[in-house]
Amino acid sequence: MTDASVLDVEGLRVTYATRAGEVLVLPGLDFQLRAGEALGLVGESGCGKSTVALSIMRYLGRNGRIAGGRILFEGRDLVTLDDAALRAIRGRRIAMVYQDPMASLNPVMTVGRQLMEVPMIHEGADAAAARARALAMLGEVKLADAEAVMERYPHQLSGGQQQRIVIAMALIAGPALLIMDEPTTGLDVTVEAAVLDLVRELRQRHRSAILFISHNLGSVVRVCDRVGVMYRGELVEDGSVRQIFGNPRHPYTRGLLDCLPTLGRDKRDSPLVPIAGQVEPAHVRRAGCGFAGRCAHVEAGRCTVRPIPASVVDGEPGHRVACLRAEELEHWTRRRGAAAAAHDAAPAAEPVITVHHLTKVYEPRRRRRRFGAPRPSVRALADVDLAASRRHTLAIVGESGCGKSTLAKVLSGIEVATQGGVTLDGVEVGALPIDARTAVLKRKLQMVFQSPDSTLNPSHTVGYAIGRALRLLQGRAPDDLAGAIAKLLEVVRLPPGIAARKPRHLSGGEKQRVAIARALAGDPDVIVADEPVSALDVSVQAAVVNLLTEIQAARGATLIFISHDLAVVRYLADHVAVMYLGTVAEAGPVERIFAPPYHPYTEALLSAVPVPDPEHDVARILLEGPVPSANEMPRGCPFATRCPRRVGAICDDTPPPVQRPAAGHRIACHIPADELQRLQAPLVEPAPAGR
Amino acid sequence: MARFLTKHLLFLLLTLLVVSLLVFTLNEFTPGAVARKILGAYATQEQVDHLTKQMGLDRPVLVRYVDYVRAAATGDLGYSTRFKLPVKDVLFKHLANTALLAAIAFACIVPLSMLLGITAGMREASRLDRAILMFSTVVASIPEFALGVFLASVFVVWLGWLPGTATLMAGGGWSVASQFVLPVAVIVLFDAGYVVSMIRASMVEVMQRPYIRTAVLKGMPFRRVIVRHALRNAMLTPITVIMLQINYLVAGVVVVETVFAYPGFGRMMLEATLFKDIALIEAGALVAVFLAVLTNILGDLAYIVLDPRIRV
């Protein structure tokens, strides 16, 4: 790549006006992007990644202001361009793909019209020409039946299709620079893999430079040539993908990699190391290194005196790091799991909670909404059998719509079983709604939800929220609470002073800790956690995951962990159930699930997980075919319509038999387990021996 | 769509039946006999008894109600004791007058509110936005009669440009058209103030949506972003409220009609109530309810037309 640079950001300073005064968000950023090159920007939320994107687009809103520096794009400074000149560049030379494609598309306009607008604005194309261009572009992003898709409204498309539309809209004018801001966040892992592959392919064809912003290190590896690691608005390290992931020099980069659960890591032999502390608020700026406050290698008087210049790493041209001690730190090695299958011998304790033949059918409620035709009944769970033992973690994985959240609802009594049931400590609770459960039963099973923002009442203090749970579940007197609240906060590693605060003053991680403390108030036997860490940054996620593990070990509780993130599940779980369309496709001990023989669906899921390691190169199994809607369950195997290993008509017509290739491991598939074993390669990096 | 309409029209019919029964029985149970209400305080007991018998008021309420509904179905709504005319004639004459006033007002309110609301909301907290917000808040908070009296004292008493009453009679040297100016102005100012703030709030919210950002960053001129992408989305929430204004304009402008002596539906109802003209009250109440339900259906329909996510 010797082409001239497309984008040259020099000393970019951006401030936001807040109630606390002007806050410097980007204190002076420098980077370059050459034609056809893909640069990934990574970092935790609040580190200024999106501000970089919006500065380039000159769309900072009323509060944002570019206070200094230049953004040279094809030789012109975007900072000083007037409106008309900007308009000529936006959408034509620089285009953007956003997070949450549904929200980025106009809900009341057909996607065809939204696509056609771009050539109509920029090239004065007439409707027929614009339509032809749009159709061709839809073909390029591999949307089948483009003619029909043109006439649809965004809500009539799936998340993956919507994102393809947004990508098509960005590429239709052939931009020199494509900015992608978290383009796959919120998509299912198989959809994410397909979108990333598409981006890779289109990149080669269109030769657009890409600025790829993501908090997911794995997806950056898949798309980018270079990576920039941002912390508090500064680029602390940048270099090629191999340089950054193979030899990270900055303590923050290392911290990000160390706290990231990967498919090879297990809580028993490779614990996650969260980064100490938390990101300081943007208005606090100290002299010297921005990361000093959280860095384990900080040297007072040296790191905290003056701004840290970026220097090139010895022997690695193009690898820059902004750390004074970079050369002094020892070489970094990737943490890997030890030999698997060592835990098979774990004694099978008696189950605390069992789910037997559980079926949940949602009947269409009459007059459920003001408009809309009556809906058919939806079978969210079909004949699910599961068990979780004391002190163990049962993880339930699957893509959205697989029934995992419905299962959590039935367990906790928010919904009741249609058929079959749930036995909690010998008591049948499947048919008991939460109001009909005794205080003892409620105490035994508690929930932690995905979004602590919406589960903590914003007008109550943390102490009140926990105290209320203590009163209701343990029958404590109101004057006897303070000590118990402080003790619970200590368990979740929060200072006691936090009890007097309201949720809005807490960070996302702190809120989730409060939610966990509240669930612990009843000293539960079973904790059901529904995606408890998916909304958190990786370092916070690591801390919360570790906390859950510790609490579980200390209290001997059973954890039912619902997640779409296979890496977290691999790390945390003892047993795993893989769900697809309301059925259990595969279940068993975690080591068995993550090694062949796999259920073909598990295999596809695993191959789709973006792995933050450039050396890891596994052929992805792309799932074709539509997901059957939950109201027309196939007669045979639910996965038959998308299965890459489908054997024939038997898959469509006959429900698959449950095979048991090993103790406690079951796979629902027509292909014999030993044949699956023979066909499948291991998808998880085998751990090197001797560690 | 057919399902939706049938369902809602049946619901409309049912509502009318229930309301008519309620109004009918309510009139029965308020203090004083019906005949006494009709004849007034100075009639002798003999006269009252006579009328009671003549009107068949000594029969059970339900029997009389069924008779009433049967007659109403053939177009006979009874006899107005206040106007000494069949209810039908009185009602529709006043209703037509009000409909004219309402139509003119509505034709002003909708474009005016859309223009002001969209302009204000497209740049939140700009000077223009603050000015429009201030204007709409002020006019919406002045009571109609105060606004009416104020405008009348300026344009009628002080400047002498306009007539102070709107009797729809060409006498007095004022054309009928000129008589409409003040009542329409009062209604439009008062009602548009409210609708403007609704549209503005919706527009402010829409402008913060990611799809507006998408449109701007496509390189689209701002005006085109507003017209093509923001306008329709911004009208989704207010459209039902706008349709409900029809209901207010027909059945709720009693004050304005009274201030300007306008021979409309609101003033007719007021007089009917003061004179205990039961047949007219009943028929008027039915018309008001009919309008209320009908505008609701219209609002829902408009919403369905604007929002492709809703399909019936």
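Residues numbered from 1 in each chain as written. Chains lettered and ligands numbered in written order. Predicted model: local features only at pLDDT ≥ 70, side-chain atom pairs only at ≥ 80, totals over all residues. Heavy atoms only, no water.

Visitor: Requested: an account of the overall build of chain B, with residues and values cited.
Guide: What chain B contains, in helices and strands, is 13 helices and two strands. By its C-alpha atoms, chain B is 85 × 55 × 30 Å across when sized along the principal axes. Among the 312 residues that make up chain B, the fraction classed as buried is 45%. Sequence-distant contacts in chain B: of pairs separated by 6 or more residues, those separated by 24 or more amount to 69%. Within chain B, one finds 27 positive and 18 negative side-chain charges whose respective centroids are separated by 13 Å. (Helix = DSSP H or I, 4+ residues; strand = E, 2+ residues; numbered from the N terminus. Buried < 20%, exposed > 50% of the residue type's maximum accessible area, 1.4 Å probe, protein only. Contact = heavy atoms within 4.5 Å. Lys, Arg positive; Asp, Glu negative; His and termini not counted. Charge placed at Lys NZ, Arg CZ, Asp CG, Glu CD.)

Visitor: Kindly report on the sheet that holds strand β16 (residues 419–424) of chain A, identifying the contributing residues and their values.
Guide: Residues and elements named next belong to chain A. In space, the four strands of this open sheet follow the order β14-β13-β16-β17, with antiparallel pairing throughout. The open sheet has two edge strands with one neighbour each: β14 (378–389) and β17 (427–428). Taken together, the five bridges between strand β13 (residues 351–362) and β16 define a ladder with antiparallel strand orientation. Residue His356 lies in a different strand from β16, and its bridge partner there is Gly421. Helix-sheet contacts for helix α12 (residues 404–412) involve β13, β14 and β16, and the interaxial angle to β13 is about 115 degrees. (Pairing = 2+ DSSP bridges. Axes fitted to C-alpha atoms, helices over the stretch in contact; angles between N-to-C directions.)

Visitor: Could you give an account of the domain arrangement of chain B, with specific residues and numbers?
Guide: Residues and elements named next belong to chain B. Annotation of chain B at the domain level lists domain 1 (2–76) and domain 2 (95–311). Using only C-alpha atoms to locate each centre, domain 1 and domain 2 end up separated by 34 Å. Listed per partner, the contact involves 16 residues of domain 1 and 15 residues of domain 2. Both faces combined, the contact of domain 1 with domain 2 buries some 1,400 Å², and carbon together with sulfur accounts for 83% of it. The largest share of the area that domain 1 buries against domain 2 comes from Phe4, Leu12 and Leu16, three residues that together contribute 31% of it. At the junction of domain 1 with domain 2, the criterion picks out zero salt bridges. The tally of links from domain 1 across to domain 2 stands at zero residue pairs in polar contact (both at pLDDT 80 or more). Residue contributions to the side of domain 1 that touches domain 2 peak at 13 residues, all from helix α1 (residues 2–29). When its residues are assigned to classes, the side of domain 1 that touches domain 2 shows eleven nonpolar, four polar and one charged. (Domains from an automatic or database assignment. Buried area = accessible area lost by both parts, 1.4 Å probe. Salt bridge = Lys/Arg side-chain N within 4 Å of Asp/Glu carboxyl O. Polar contact = N/O pair within 3.5 Å; in protein donor to acceptor, adjacent residues only side chain to side chain. Nonpolar A, V, L, I, M, F, W, Y, C, P; charged D, E, K, R; others polar.)

Visitor: So, the pairing of strand β20 (residues 558–563) of chain A: which residues are in play, and what are the values?
Guide: Residue and element names in this part refer to chain A. Counting buried residues in β20 gives six out of six residues, a clear majority hidden from the surface. Alternating positions in β20 separate into two faces, Thr558, Ile560 and Ile562 on one and Leu559, Phe561 and Ser563 on the other, with burial throughout. Where strand β15 (residues 393–397) and β20 come together, five bridges link them in parallel fashion. Paired with Leu394 across the strands is Ile560, a residue of β20. Two strands pair when backbone bridges link them, and strand β19 (residues 526–530) and β20 are joined in this way by five bridges, in the parallel orientation. The residue of β20 that forms the bridge with Ala529 is Phe561. Regarding the hand of the β-α-β motif, the stretch spanning β19, helix α18 (residues 538–555) and β20 is right-handed. (Right-handed = clockwise from strand over helix to strand, strands pointing away.)

Visitor: Quick one: what's the story with the sheet that holds strand β5 (residues 76–77) of chain A, residue by residue and with numbers?
Guide: Residues and elements named next belong to chain A. Taken together, the four strands give an open sheet; going across it, the order is β2-β1-β4-β5, and neighbouring strands pair in antiparallel fashion. The open sheet has two free edges, formed respectively by β2 (21–34) and β5, since each of these has just one partner strand. Contacts between helix α1 (residues 49–57) and the sheet are confined to β1 (5–18), β2 and β4 (64–73), with β2 contributing the most and set at about 75 degrees to the helix.

Visitor: For the nonpolar core, give the residues involved together with the corresponding values.
Guide: Grouped together as the largest cluster of nonpolar side chains are 251 residues, with contacts concentrated most on Ile56, Leu138, Ile167, Leu177, Leu211, Val576 and Phe594 of chain A. Residue contributions to this core reach at least three from each of two domains, namely domain 1 (2–76) and domain 2 (95–311) of chain B. Within the second largest apolar cluster, 30 residues are counted, among which are Leu386, Leu407, Leu411 and Val429 of chain A. (Core = buried A, V, L, I, M, F, W, Y, C linked by side-chain atoms within 4.5 Å.)

Visitor: Could you give an account of the interface of chain A and chain B, with specific residues and numbers?
Guide: Of the residues lining the interface, 29 residues belong to chain A; the matching set on chain B comes to 30 residues. Both sides of the chain A and chain B interface together cover about 2,900 Å² of buried area, and 59% of this is carbon and sulfur. The interface formed by chain A and chain B includes two salt bridges. Between Arg228 of chain B and Glu117 of chain A there is a salt bridge; the shortest N-O distance is 3.7 Å. Tallied by class, the residues present in the side of chain A that touches chain B amount to 16 nonpolar, seven polar and six charged.

Visitor: Lay out the environment of Pro175 of chain A in plain terms, naming residues and giving numbers.
Guide: On the secondary structure map, Pro175 of chain A appears in the loop between α7 (159–171) and β7 (177–181). Along the primary structure Pro175 of chain A and Gly43 of chain A are separated by 132 residues, whereas in three dimensions their C-alpha atoms are 26 Å apart.

Visitor: How would you explain unusual backbone geometry if you had to name every residue and give the values?
Guide: Residues and elements named next belong to chain A. Note the cis peptide between Pro596 and Pro597, where omega equals 0 degrees. Within the secondary structure layout, Pro597 lies in the loop between α20 (590–593) and α21 (600–608). With a phi angle near 60 degrees, Asp145 is a residue other than glycine that sits in the positive phi range. A residue is classified by how much of its surface remains accessible, and Asp145, at 54% relative accessible area, is exposed. In the Ramachandran plot, Glu182 falls in the positive-phi region, its phi being about 50 degrees despite a non-glycine side chain. As for its position among the elements, Glu182 is in the loop between β7 and α8 (189–206). A relative accessible area of 8% places Glu182 in the buried class.

Visitor: Please set out the packing of helix α5 (residues 87–122) of chain B against helix α12 (residues 265–274) of chain B residue by residue, giving values where relevant.
Guide: All names here are of chain B. Packing of α5 against α12 brings their axes to within 7 Å, and their N-to-C directions diverge by 140 degrees. As summarised for this structure, α5 and α12 are arranged oblique, according to the angle between their axes. Contact residues: Val90, Leu91, His94, Leu95 and Thr98 in α5; Phe265, Gly266 and Met268 in α12. (Parallel < 35°, antiparallel > 145°, perpendicular 65-115°, else oblique.)

Visitor: Which residues make up the pattern of salt bridges, and what values go with them?
Guide: All names here are of chain A. Under the definition given, this model contains 41 salt bridges over all chains. Salt-bridge contacts for Glu151 lead to Arg131; the nearest nitrogen and oxygen are separated by 3.4 Å. In this pair, Glu151 sits in the loop between α6 (146–150) and α7 while Arg131 sits in helix α5 (residues 127–140), placing the two residues 20 residues apart along the sequence. The class of Arg131 is partly exposed, set by a relative accessible area of 27%. Here the salt bridges share partners, and the residues they tie into one network are Arg34, Glu37, Arg226, Asp238 and Arg320.

Visitor: Can you lay out the state of the cysteines for me, pointing to particular residues and giving the numbers?
Guide: A covalent bond between the sulfur atoms of two cysteines is what we call a disulfide. All names here are of chain A. Applying the stated criterion across every chain yields a total of zero disulfides over all chains. Of all cysteine sulfurs, the one in Cys295 lies closest to Cys323, which takes part in no disulfide; the gap is 6.3 Å. With no disulfide of its own, Cys669 lies closest to Cys643 among cysteine sulfurs, the gap being 6.2 Å. Classification of Cys669 by relative accessible area gives buried; the value is 8%. (Disulfide = S-S within 2.5 Å.)

Visitor: Can you break down the confidence of the model for chain B residue by residue, with the values?
Guide: A low pLDDT means the predicted coordinates there should not be read in detail. Residues and elements named next belong to chain B. Taken over all residues, the pLDDT of chain B has a mean of 87, while the share at 70 or more is 96%. Looking over chain B, one finds the lowest element-wise mean pLDDT in helix α2 (residues 34–39), namely 70, and the highest in helix α9 (residues 210–217), namely 94. Here the prediction assigns the complex a pTM of 0.85, and the interface score ipTM is 0.82. (pLDDT = per-residue confidence, 0-100.)

Visitor: Tell me what's going on with the side chain of Gln243 of chain A, and back it up with residues and numbers.
Guide: All names here are of chain A. Relative to the helices and strands, Gln243 is located in helix α10 (residues 241–246). Within polar-contact distance, the side chain of Gln243 engages the backbone oxygen of Pro317 at 3.1 Å. Every residue in contact with Gln243, bar those within four places of it in the chain, is listed here: Pro248, Glu316, Pro317, Gly318 and His319.

Visitor: How would you sum up a nonpolar patch on the surface? Please name residues and give values.
Guide: Residue and element names in this part refer to chain B. Side chains of Phe145, Val149, Val255 and Val259 sit close together on the surface and give an oily, nonpolar patch of about 320 Å² of accessible area. Elements represented by at least two residues in the nonpolar patch include exactly α7 (144–158) and α11 (254–259). Within the element layout of this structure, Val149 appears in helix α7. (Patch = residues over 30% accessible without salt bridge, like charges linked within 9 Å, V, L, I, M, F, W, Y side chains within 5 Å. Areas by Shrake-Rupley, 256 points an atom, 1.4 Å probe, with all protein chains shown as cover.)

Visitor: Summarise helix α8 (residues 176–207) of chain B; cite the residues concerned and give the values.
Guide: Residue pairs three or four apart in sequence face the same way in an α-helix, which turns once every 3.6 residues. Along its 32 residues, α8 of chain B runs 44 Å from first to last C-alpha, staying within 8% of the 46 Å computed at 1.5 Å per residue. Remark: the principal bend of α8 of chain B, roughly 30 degrees, maps to Ala192 of chain B. (Expected span 1.5 Å × (residues − 1). Bend = angle between axes of the 7 residues up to and from the residue.)

Visitor: Lay out α12 of chain B with the relevant residues and their values.
Guide: Looking at α12 of chain B, one finds that the buried residues are Phe265, Gly266, Met268, Met269, Glu271 and Ala272 of chain B. Residues of α12 of chain B that are buried make contact with α5, α10 (222–251), α11 and α13 (278–306) of chain B.

Visitor: Explain the pairing of strand β3 (residues 38–42) of chain A residue by residue, including any values.
Guide: Residues and elements named next belong to chain A. Most of β3 sits out of view: five of its five residues are buried. Here β3 shows no split at all, with Ala38, Gly40 and Val42 on one side and Leu39 and Leu41 on the other all buried. Here β3 runs beside strand β8 (residues 209–213); their pairing, made up of four bridges, is parallel. Residue pairing across strands places Gly40 opposite Phe212, the latter belonging to β8. Taken together, the four bridges between β3 and strand β9 (residues 226–231) define a ladder with parallel strand orientation.

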